[in-house]
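Structure at a glance
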Amino acid sequence: MQEELLKYQQIDAKKRKIDAEIASSDERKKAADMQNYLKECQAKLQKFETASETILRNYKRASAFMQDLNKRAKELNAQAQKATAEQIASIKKIVADYADKMGKIEKEVTALAVQAKQISREVETVMKNAVTAKKNYSTYKNAYDAVRASREPEIKALLAQMQEQKSKVDPKLMHMYEIKADAKTFPIFVPVKEGRCSGCHVELSAAMKKKLAEQKMVECENCGRYIYE
Ligand SMILES: [Zn+2]
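This write-up is about the structure you can find in this document.

Once that is clear, we can look at the coordination of the zinc ion. Octahedral metal centres with six donors ideally show angles of 90 or 180 degrees, and tetrahedral centres with four donors ideally show 109.5 degrees. Cys 197 (SG), Cys 200 (SG), Cys 220 (SG) and Cys 223 (SG) make up the full set of protein donors to the zinc ion, lying at 2.3 Å. Bound by four donor atoms, the zinc ion shows angles of 107 to 113 degrees at the metal and therefore tetrahedral coordination geometry.

As a further point, take the sheet that holds strand E3 (residues 217–219). To summarise the sheet geometry, strands pair through backbone hydrogen bonds and adopt either a parallel or an antiparallel arrangement. One open sheet holds the four strands; their spatial order is E2-E1-E4-E3, and the pairing between them is mixed. Of all the strands in the sheet, the pair left with one neighbour each is strand E2 (196–197) and E3. Running over the sheet, helix H4 (residues 171–180) touches strand E1 (189–193), E3 and strand E4 (226–228) and is turned about 140 degrees from E4. Strands in contact with helix H5 (residues 206–215) are E1, E3 and E4; relative to E3, the strand with the most contacts, it is inclined by about 140 degrees.

With that out of the way, let us pick up the pattern of salt bridges. A complete count under the given rule lists 16 salt bridges for this structure. Here Arg 16 makes a salt bridge to Asp 12, at a shortest N to O gap of 3.2 Å. Remark: Asp 12 and Arg 16 occur in helix H1 (residues 3–23); sequence separation between them is four residues, near one turn of the helix. Among the salt bridges present, the one from Glu 214 reaches Lys 210, with a minimum N-O distance of 3.5 Å. One end of the pair is Glu 214 and the other is Lys 210, both in helix H5 and four residues apart, which spans about a single turn. Accessibility expressed as a relative area gives 53% for Glu 214, which makes it exposed.

Calculation rules
- Residues numbered from 1 in each chain as written.
- Predicted model: local features only at pLDDT ≥ 70, side-chain atom pairs only at ≥ 80, totals over all residues.
- Heavy atoms only, no water.
- Donors = N, O, S within 2.8 Å, 3.2 Å for Na, K, Ca; no water.
- Tetrahedral: all angles 85-135°; square planar, octahedral: opposite > 155°, others 65-115°.
- Pairing = 2+ DSSP bridges.
- Helix = DSSP H or I, 4+ residues; strand = E, 2+ residues; numbered from the N terminus.
- Contact = heavy atoms within 4.5 Å.
- Axes fitted to C-alpha atoms, helices over the stretch in contact; angles between N-to-C directions.
- Salt bridge = Lys/Arg side-chain N within 4 Å of Asp/Glu carboxyl O.
- Buried < 20%, exposed > 50% of the residue type's maximum accessible area, 1.4 Å probe, protein only.

In structure tokens form, the structure reads like this:
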């Protein structure tokens, strides 16, 4: 009953083997690694951009504060021209406080400039690495495409064989097969071996054994494969 289907499964197995070989090829791995590296570069650049924005924002805030303090200091100096000795003493105190604040802000601004310089150096490095990585990716991708293209005729031939074999398979069985064909469980139809599913090697329950004897085929309770006698 399932003989034609098993033939179909054999051809499918050959095709899957080629797919797996392509997927595990060095060329694909190298291309994928390079792609991941480029993604990392992108993430780093994004992070640097956010950091730069924060620095710029802090710098602007510090500058505005500095200007404000300068303006107020000037105003106080003007007031001092007409002030009493007592007022001058208090104004001097305020001006000294302003000078202290300005000193602190200046230090902050210097630190921000150092950070900005550091970031711009790192951005330069990442950009340089990304350019190299892009070139490498393109080389590896071409190599991977070549590997795929070289296997294309085999795959096409197997697909044609599958198509032909399909017409000989009981449509009901074919449907059962196809709904599981996407799953990782391959082969999908497996024989029973010493009371076990030969897909996952789990022993069939007494009820399942009985069902198998009656219906000649059961769905494995463990892995979902179809087990035939
Ligand atoms: Zn199983």
